[in-house]
Amino acid sequence: MANQTVIESAGKIKVETWEPTIITFLCNWCSYAGADLAGTSRLQYPPNIRVIRVPCSGRMNPLYIIKALIEGADGVMVSGCHPGDCHYISGNLFARRRFTVLKKLLITAGIEPKRIYFTWISASEGQRFATIVNEVTDHVKKLGPNRIIRSEINEF
Amino acid sequence: MSFETQKNEIIKICKKLFKEEGTKVIIGFAQSEVEGITTPLFMRTAEDAEKLKWDSQCTPNLAKYLLEKRGKVGIVAKTCDARAIVMYLVEQQIKRDELYIIGVECPGMKNNDATASCGCEACKMRIPPIYDVLVKYNAEITLPDSEEASNTVAIEDNLKKFQDEMKKCILCYSCRQVCYGCYCKSCFVDMNVPNWLPGEISEGAKMIFHLGRAMHLAGRCVECGACERVCPSGVNIRYLIKEITKFTKELYAYEAGIDPEETPALAVFNPNDSEAAMSGSEVQ
Ligand code: SF4
Ligand code: SF4
Ligand code: SF4
């Protein structure tokens, strides 16, 4: 599914490589610093992620994730501090319940579970950040473009 | 006993409330001008109580009207109304001591074609979880027995089902208006900043609305079925909410609208909560 057929204006058919867009929400205190560390350590990871910094994983409004997916993101990744390490003590523990229910809801609505990735990354885990981004990008590439929005475009 | 005797008893209680307790208003059911349709009744005097209706068509969930009333209010509550009342108490929207609940044991409501009304088809709780006085049915009530089969179907089928329902929706927001849980002063769909919904009625807008609403009702739905009943396009949107209600019940042992002392599942946490959703593993 990685290749998509695109018809250009002159009627020529061109095969274009499809690259997924993965919206990534990182908490300010752990995961964002972890991503920074990955950068300053010159670790390689795919350029498919678009990072948005949030104060805490507990600040993640489920609507952010829903809206990203419906507006065409191929994947969403959210990362916060490890349980017990939250800067605000328990934000990530509230978030964990919310994510669990949200994931169930999205599966019920037909979004593949592998498109949505919740995880914990601490400020010292630059390597882990790079590994996880690789893993997520792999999963999403295998799944292909996000159907929930593409099938809508096809129909209208 | 039957509906008729229950009704007489409710009327008696209402009259007593007006006379002895000085209750200003009691919310109940009345027959509307259209046959087969029940409308809310706001009783203010003992005479008004005579207009009360109690039969198998009293489907509306009356709890939402409590939010507009101040002072001592009475309400006729079958199980789902009472569960919504419990949730309002939990969410601190109403005060218990300003409320007089006439609990009515509910034998189950019927559609006009005599099939079980939506919400009632799977309801096993016929005695309200909270009341000041209980009007019993005093006869055998047959409870639905079959558990709905859990749908572990292919993800493609899930998507198709969801999109098929979404196609029917006209974004009239009736389901939101009628739901006890949707009392936000400013709902996310009405916001301009941020603009959650795209400006036009598109499939995407409908999906964001329904997924967002389902998420807001996660662990709060009291299974009254009102949202499905009022939909002018016959959208079965409750299947999404039902699925997560079942899920929160299994995972966090929480059921909405039973215990006024218990905090809703998503408003608390346990340090040992399941990590099922984390690290890309699948929730099933
Ligand atoms: S979501 Fe539907 S069934 Fe649940 S409480 Fe609201 S109106 Fe009732
Ligand atoms: S859909 Fe959500 S924001 Fe809107 S009224 Fe319901 S609970 Fe409130
Ligand atoms: S009542 Fe029906 S048509 Fe109206 S917004 Fe809800 S699901 Fe859509």
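Basis of the calculations
- Residues numbered from 1 in each chain as written.
- Chains lettered and ligands numbered in written order.
- Predicted model: local features only at pLDDT ≥ 70, side-chain atom pairs only at ≥ 80, totals over all residues.
- Heavy atoms only, no water.
- Salt bridge = Lys/Arg side-chain N within 4 Å of Asp/Glu carboxyl O.
- Helix = DSSP H or I, 4+ residues; strand = E, 2+ residues; numbered from the N terminus.
- Buried < 20%, exposed > 50% of the residue type's maximum accessible area, 1.4 Å probe, protein only.
- Disulfide = S-S within 2.5 Å.
- Contact = heavy atoms within 4.5 Å.

Engineer: Hey, could you run me through the pattern of salt bridges in this one?
Structural biologist: Where charged atoms from two side chains of opposite charge come close, those side chains can pair. Residues and elements named next belong to chain B. Taken as a whole and judged by the stated rule, the model has 22 salt bridges over all chains. We note a salt bridge from glutamate 91 to arginine 220, for which the minimum N-O separation is 2.8 Å. Pair noted here: glutamate 91 is in the loop between helix 2 (79-90) and strand 4 (99-104) and arginine 220 is in the loop between helix 5 (203-216) and helix 6 (226-230), with a separation of 129 residues, a long-range link. What makes arginine 220 buried here is its relative accessible area of 15%. Between aspartate 190 and arginine 176 there is a salt bridge; the shortest N-O distance is 3.1 Å. Taken as a pair, aspartate 190 in the loop between helix 4 (174-178) and helix 5 and arginine 176 in helix 4 lie far apart in primary sequence, 14 residues in all. Under the relative-accessibility criterion, arginine 176 is labelled buried at 10%. If you follow the salt bridges from partner to partner, you end up with Glu121, Glu228, Arg238 and Lys242 in one network.

Engineer: Quick question: what am I supposed to make of the state of the cysteines here?
Structural biologist: Cysteine pairs can be covalently joined through their sulfur atoms, and such a bond is termed a disulfide. Residue and element names in this part refer to chain A. Counted according to the given criterion, the structure contains one disulfide over all chains. Two residues share a disulfide in this structure: cysteine 30 and cysteine 81, whose sulfurs sit 2.5 Å from each other. For the disulfide bridge between cysteine 30 and cysteine 81, the dihedral angle about the S-S bond is near 100°, and by the sign convention the bridge is right-handed. On the criterion of sequence distance, the pair formed by cysteine 30 in the loop between strand 3 (22-27) and helix 1 (31-40) and cysteine 81 in the loop between strand 5 (75-80) and helix 3 (91-108) is long-range, its members being 51 residues apart. For the pair cysteine 30 and cysteine 81, a shared accessibility class is recorded, and that class is buried.

Engineer: It is not clear to me how the environment of alanine 130 of chain A should be interpreted in this structure. Could you clarify?
Structural biologist: All names here are of chain A. For alanine 130, the position within the fold is in helix 4 (residues 126-143). Of the residues examined, alanine 130 reaches a relative accessible area of 2% and is grouped as buried. The contact partners of alanine 130, leaving out residues within four places of it in the chain, are Leu43, Gln44 and Tyr45.

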